[in-house]
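Reading the structure
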Amino acid sequence: MNNYLHIGVPENFNDLLPELKAKTLKWETVCYSGTKINNNAKISFYSAITNKPYGNIILSPGLATNTNIDPLMKAITFWSLKHNYNLFTFNTFLGNFYEIPTIEQAKRNTYPEFVQLLETCIKFTEPYYINQKNILIGHSAGATGIIDALNNIVGKDEKINIDSVMLFAPWASKEWHDFLKQFIYSHNLDNPYEILPIYNIFNNESDKNGYVTILPQFFTDLEQSKFRPDLMNKWNSYVTIVAGEKDRKVSIEILKTRFQELKKQSSPNLFKFIILPDEKHSFLNIHSDTQSVINLIKSQREKMK
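Keep in mind the model is a prediction, meaning the values are calculated, not measured.

Our next topic: the environment of Asp 278. Within the fold, Asp 278 resides in the loop between strand E10 (271-276) and helix H10 (293-303). Look at Asp 278 and you get partly exposed, because its relative accessible area is 48%. Distance from Asp 278 to Lys 246, taken between C-alpha atoms, is 5.7 Å for residues 32 residues apart in sequence. Residues in contact with Asp 278, not counting those within four places in the same chain, are Glu 245 and Lys 246. A distance of 3.5 Å separates the side chain of Asp 278 from the side chain of Lys 246, its partner in a polar contact.

For the rest of this paragraph, the subject is helix H4 (residues 111-129). Residues spaced three or four apart along an α-helix point in a common direction, a consequence of the helix completing one turn every 3.6 residues. Look at H4: 27 Å from first C-alpha to last across 19 residues, which is about the 27 Å you get at 1.5 Å a residue. Those residues of H4 not exposed but buried are Tyr 111, Glu 113, Phe 114, Val 115, Leu 117, Leu 118, Glu 119, Thr 120, Cys 121, Ile 122, Thr 125 and Tyr 129. Two or three places before Glu 113, at the opening of H4, Thr 110 has a side-chain oxygen 3.1 Å from that residue's backbone nitrogen.

This brings us to the side chain of Asn 134. Looking at where Asn 134 falls in the secondary structure, it is placed in strand E5 (residues 134-139). Asn 134 gets classed as buried once you look at its relative accessible area, which sits at 0%. There is a polar contact of 3.3 Å between the side chain of Asn 134 and the backbone oxygen of Asn 161.

Within a pair of aromatic rings, the relevant descriptors are the distance that separates the centres and the angle that separates the planes. Here the structure, examined in full by the defined rule, presents 22 aromatic pairs. Ring centres of Phe 45 and Phe 88 lie 4.7 Å apart, and the angle between their planes is 40°; on these two criteria the pair is classed as tilted. Of this pair, Phe 45 sits in strand E2 (residues 40-46) while Phe 88 sits in strand E4 (residues 85-91), and the two are 43 residues apart along the sequence. Using a relative accessible area of 13% as the deciding quantity, one classes Phe 45 as buried. Overall, the relative accessible area of 0% leaves Phe 88 in the buried class. The interplanar angle of 80° and the centroid separation of 5.5 Å between the aromatic rings of Trp 171 and Phe 227 together place this pair among those described as edge-to-face. Taken together, the residues span a long stretch of sequence, with Trp 171 in the loop between strand E6 (164-168) and helix H6 (174-187) and Phe 227 in the loop between helix H7 (216-224) and helix H8 (229-233) at a distance of 56 residues. Classification of Trp 171 by relative accessible area gives buried; the value is 10%. For Phe 227, a relative accessible area of 22% corresponds to the partly exposed category. Pairwise contacts between aromatic rings join Trp 27, Phe 45, Phe 88, Phe 124, Tyr 128 and Tyr 129 into one cluster.

Once that is clear, we can look at the state of the cysteines. Tallied over the full model, the rule gives 0 disulfides. A disulfide-free cysteine, Cys 31 has its sulfur positioned 4.1 Å from the sulfur of Cys 121, the nearest such atom. Classification of Cys 31 as buried rests on a relative accessible area of 6%.

The next subject is the environment of Asp 230. Residue position: Asp 230 is located in helix H8. By relative accessible area, which is 31% here, Asp 230 ends up partly exposed. As a C-alpha pair, Asp 230 and Asn 151 span 79 residues in sequence and 9.2 Å in three-dimensional space. Within the structure, Asp 230 has its side chain in polar contact with the side chain of Arg 228 (distance 2.7 Å).

Let us look at the pairing of strand E3 (residues 55-60). Within E3, 6 of the 6 residues are buried, leaving the element largely enclosed by the surrounding structure. Judged from the 5 bridges that link them, E3 and E4 form a sheet pairing that is parallel. Residue pairing across strands places Ile 57 opposite Leu 87, the latter belonging to E4. Looking at chain direction, E3 and E5 are connected through 5 bridges and run parallel. Following the sheet pairing, Ile 58 is matched in E5 by Leu 136.

This part takes up the sheet that holds E5. Read from one edge of the open sheet, 8 strands run E1-E2-E4-E3-E5-E6-E9-E10, paired in mixed fashion. This sheet does not close on itself; its edge strands, each paired only once, are strand E1 (25-32) and E10. Sheet twist, expressed as the average angle between the axes of neighbouring strands with direction ignored, equals 15°. Pairing geometry for E1 and E2, over 7 bridges, is antiparallel. Across the sheet, Val 30 pairs through a bridge with Lys 42, a residue of E2. Helix-sheet contacts for helix H9 (residues 252-263) involve strand E9 (238-244) and E10, and the interaxial angle to E10 is about 160°.

Turning to the pattern of salt bridges, a few remarks are in order. Under the definition given, this model contains 11 salt bridges. We note a salt bridge from Lys 123 to Glu 119, for which the minimum N-O separation is 3.0 Å. Residue Lys 123 and its partner Glu 119 are both found in helix H4; the two are separated by 4 residues, about one turn of the helix. A residue is classified by how much of its surface remains accessible, and Lys 123, at 35% relative accessible area, is partly exposed. Among the ionic pairs, Asp 278 bridges to Lys 246, the shortest N-O distance being 3.5 Å. Taken together, the residues span a long stretch of sequence, with Asp 278 in the loop between E10 and H10 and Lys 246 in the loop between E9 and H9 at a distance of 32 residues. Since its relative accessible area comes to 44%, Lys 246 is described here as partly exposed. Three or more residues are tied together by salt bridges with common partners; here these are Glu 119, Lys 123, Lys 156 and Glu 158.

Criteria and thresholds
Residues numbered from 1 in each chain as written. Predicted model: local features only at pLDDT ≥ 70, side-chain atom pairs only at ≥ 80, totals over all residues. Heavy atoms only, no water. Helix = DSSP H or I, 4+ residues; strand = E, 2+ residues; numbered from the N terminus. Buried < 20%, exposed > 50% of the residue type's maximum accessible area, 1.4 Å probe, protein only. Contact = heavy atoms within 4.5 Å. Polar contact = N/O pair within 3.5 Å; in protein donor to acceptor, adjacent residues only side chain to side chain. Expected span 1.5 Å × (residues − 1). Phe/Tyr/Trp six-rings, centres within 6.5 Å; stacked < 30°, edge-to-face > 60°. Disulfide = S-S within 2.5 Å. Pairing = 2+ DSSP bridges. Axes fitted to C-alpha atoms, helices over the stretch in contact; angles between N-to-C directions. Salt bridge = Lys/Arg side-chain N within 4 Å of Asp/Glu carboxyl O.

Any functional reading would require information that these geometric values do not contain.
Here it is in structure tokens:
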């Protein structure tokens, strides 16, 4: 039996979450990338129940998921709203599911567009939290995209007003992307190898038959995105890289190597690397380890005091 109680999340939190979100939702808006493609994301803001919140948590989910269905994001959402945090969620086109995948969708859903969209979301929400403590949490492609978006911002000599960044399983491997492409093509024999329709693995009933559609170039662009420890150092944020011990999609060795490069920068104390035992890429069992995501969030709060 799953026991969430020691991290302040009851076992039936999935049943309680819709009412909690409805009670705390203050506003939603659509944010556009501002590029020629001009794709969009939905930003939602949930207010803490208390009038003296600890700060803000900002969520960026990965590919073929969103904050409404992703187990990691849902657990963080419930805990945050029950423990005196405001919450912002960035739900991009990588979490929009369609029954019939099309090439038109895929051409709009590029990796550069994703990164630019995250950058505009960060800048749009900044006025709402600039004088408060903030934790930005990204998972998988949502973490990698956040890295590139923040690098773009500091690369233009602009300041980032984020106190702490938590990156769950960033930089998925080329080997995983190649496997995923081959799997999709082998199960879609009429696919002309132009698009990659990716199924909703969490199978929420409302999105049961949905697909997020990208081109193979999305993975190529993600893989070729340069690792820039010099720019990450300029974030001036506490950065925690979180790996799952049994993650087959992300190379722990690559994460370790990049962490060592980050520790060579001028502010090495900003960076931390953690491996969660027995966890896979989706972090479905965060409750089972005392070094849970909730404890990690608490540790970020302690750093920011």
